[in-house]
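As a plain string of letters, each chain reads:
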Amino acid sequence: MGGRLIDGKALASSLRAAFKTRVAALSAQGHRPGLAVILAGENPASQVYVRNKVDACEAVGIFSLKIDYPANVPQETLLAKIADLNADPAIHGILVQLPLPDHIDEEAVLEVIAPEKDVDGFHAVNVGALAQGNPRFIPCTPYGVMKMLEANRIDPAGKEAVVIGRSNIAGKPMALLLLGANATVTVCHSKTRDLAAHARRADILVAAVGRPRFVTADMVKPGAVVIDVGINRLPAEEGGKLCGDVDFEAVKEVASLITPVPGGVGPMTITMLLANTIEAAERELET
Ligand code: GUN
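Counting starts from 1 at the beginning of each chain's written sequence and moves along it residue by residue. Side-chain atom pairs in this predicted model are given and counted only at pLDDT of 80 or more, local residue features only at pLDDT of at least 70, and totals for whole chains, interfaces and linings cover all residues. With hydrogens and water set aside, each side-chain value is computed from the structure's full complement of heavy atoms.

Draft legend 1. Up close: the pattern of salt bridges. One speaks of a salt bridge when a side-chain nitrogen belonging to Lys or Arg is within 4 Å of a carboxyl oxygen belonging to Asp or Glu. Applying the stated criterion across every chain yields a total of 9 salt bridges. As a salt-bridge pair, K221 and D203 come within 2.8 Å of each other at their nearest N and O atoms. Of this pair, K221 sits in the loop between β7 (204-207) and β8 (225-228) while D203 sits in the loop between α8 (195-199) and β7, placing them 18 residues apart in sequence. What emerges from the salt-bridge pattern is a single network uniting R22, E279, E282 and R283. Secondary structure is summarised from DSSP: a helix means a run of H or I of at least four residues, a strand means a run of E of at least two, and numbering begins at the N terminus for each.

What follows is the structure in structure tokens.
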């Protein structure tokens, strides 16, 4: 036996096919969507993510601008570049890849992005709108998870949803979205007592901890839907492969539906970035 896979790759490619039409329509009106991606430093994982984002833009016809800085870039340089991009009519979305180098105040950087170009949904205005249940830009990873649930006809209303992890990028906005969809939401984190007991109550269990194989089969209720947000690189002695936050091989025998890593949430994160960028360009045309 074993649970069914939620195929993020297939869902991502069907959504992206539809995006091409929207991008072509905007481009025909002289309004080709444009995304600027800023990367500071040489974090190898960030370099891969940024390249994937830029490639995904090109594949659907979105203009992309990749801006690289060395790890020692002064904060003022980043702030000045963002101010330029805020004023640039060819740019509808601005993304600053996280994490930033230690000497940079991440919050200060995110706060200068114009909220209407904040396609990551990390600006306080967009976080506040999401918390109030009136989202403008939804952070891409949890947005992708909601689309995966919807595509698999999982309605969170009335269900017990447990989110493991409370990051601003994934766990916190994930909890807000599930709450907005009328789930009963529990957020677990490093200080949670008896985390496994909370996890075992979940009808929908989302793992966003950043620790390989953190969620084991004994933490999962039989028949639960398990969403793995983790992308961890295993050490070379374990094969150096990508691995999620869920012990996939064991948990798939208990879950009714489960996302693999790779090929689950990852492709959907980038897809929703494209969606937000197109949305930003469409909104500008409407105003
Ligand atoms: N680093 C890891 N995930 C993300 C993301 O979704 N957006 C940005 N900007 N940085 C990230």
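Right, picking up where we left off after that structure.
Draft legend 2. Layout of the sheet that holds β7. Between any two strands, pairing holds if DSSP finds at least two bridges. A sheet is described by the order of its strands in space; here 6 strands give the open sequence β1-β11-β8-β7-β5-β6, paired in parallel fashion. Each edge of the open sheet is held by one strand with a lone partner, namely β1 (4-5) and β6 (184-188). In this structure, strand β5 (residues 160-164) lies alongside β6, joined through 5 bridges in parallel fashion. Each bridged residue has a counterpart across the sheet, and for V162 the counterpart in β6 is T186. What makes two residues a contact is simply this: any of their non-hydrogen atoms within 4.5 Å. Note on geometry: axes are C-alpha line fits, over the in-contact stretch for helices, and angles between N-to-C directions span 0 to 180 degrees. Sitting on the sheet, helix α7 (residues 171-180) touches β5, β6 and β7, and the angle it makes with β5 is about 170 degrees.

Draft legend 3. Structural context of a nonpolar patch on the surface. Two distance rules govern patches: like charges are joined within 9 Å, and nonpolar side chains (Val, Leu, Ile, Met, Phe, Trp, Tyr) within 5 Å, applied only to residues with over 30% relative accessible area and no salt bridge. A 1.4 Å probe and the Shrake-Rupley method give the accessible areas. Residues count as covered only by the protein chains that appear here. On the surface, V48, Y49, I231 and L242 cluster together into a nonpolar patch covering about 280 Å² of accessible area. In this structure, I231 sits in the loop between β8 and β9 (232-233). Throughout this description, buried means an accessible area under 20% of the type-specific maximum (1.4 Å probe, protein chains only), exposed means over 50%, and partly exposed covers the range between. Given the relative accessible area of 39%, I231 is considered partly exposed.

Draft legend 4. Structural view of the pairing of β8. Neither face of β8 is open: one carries V225 and I227, the other V226 and D228, and all of them are buried. Note: β7 against β8, 4 bridges, orientation parallel. Looking at the pairing, I204 lines up with V225 of β8.

Draft legend 5. Quick peek at the side chain of N152. Topologically, N152 is positioned in the loop between α6 (140-151) and β5. Counted as a polar contact is a pair of N or O atoms within 3.5 Å, where, for protein atoms, one must be capable of donating a hydrogen and the other of accepting one, and residues adjacent in sequence contribute only when both atoms are in side chains. Among the polar contacts made by the side chain of N152, one reaches the main-chain carbonyl oxygen of M148 at a distance of 2.8 Å. Beyond its immediate chain neighbours, meaning those up to four positions away, N152 contacts R4, I6 and L257.

Draft legend 6. View of the site of the ligand. Note on definitions. A residue lies near a molecule or strand when any single heavy atom of the residue is within 4 Å of it. Around the ligand, the neighbouring residues are K53, L95, V96, Q97, L98, D120, F122 and I169. Note that a nitrogen atom of the ligand is positioned 2.8 Å from one of the backbone N or O atoms of V96. L98 places a main-chain nitrogen or oxygen 2.9 Å from a nitrogen atom of the ligand. Protein chains shield 85% of the accessible area of the ligand, which is 280 Å² for the free molecule. Of the residues in the shell around the ligand, the class split is 5 nonpolar, 1 polar and 2 charged. Classification used: nonpolar for Ala, Val, Leu, Ile, Met, Phe, Trp, Tyr, Cys and Pro, charged for Asp, Glu, Lys and Arg, polar for all others including Gly.

Draft legend 7. Spotlight on the packing of α6 against helix α10 (residues 265-286). In contact at an axis separation of 7 Å, α6 and α10 are set at 105 degrees when each is read in the N-to-C sense. In terms of orientation, α6 and α10 fall into the roughly perpendicular class. Where α6 abuts α10, its residues C140, T141, Y143, G144, V145, K147 and M148 lie against V265, M268, T269, M272, L273 and N276. Residue composition of the contact of α6 with α10, by class: 8 nonpolar, 4 polar and 1 charged. Under this scheme an angle from 65 to 115 degrees is roughly perpendicular, one under 35 degrees roughly parallel, and one over 145 degrees roughly antiparallel; angles in between are oblique.

Draft legend 8. Examining empty space enclosed by the protein more closely. The pocket and cavity definitions rest on a 1 Å grid over protein atoms only: a 1.4 Å probe that fits but cannot leave marks a cavity, an open set with protein on both sides within 12 Å along at least five of seven lines marks a pocket, and residues lining either have an atom within 4 Å of a point. Grid points are joined across faces, edges and corners, and a volume is the space filled by probe spheres set on the points. Scanning all chains against the criterion turns up 1 cavity of 30 Å³ or more. In this structure, the largest cavity encloses a volume near 30 Å³. Lining the largest cavity are T141, P142, V163, A170, G171, M174, V206, A208 and V229. Each residue belonging to the lining of the largest cavity can be placed in one class, and the counts come to 7 nonpolar, 2 polar and no charged.

In short, the description is geometric, and any link to function would need to be established separately.
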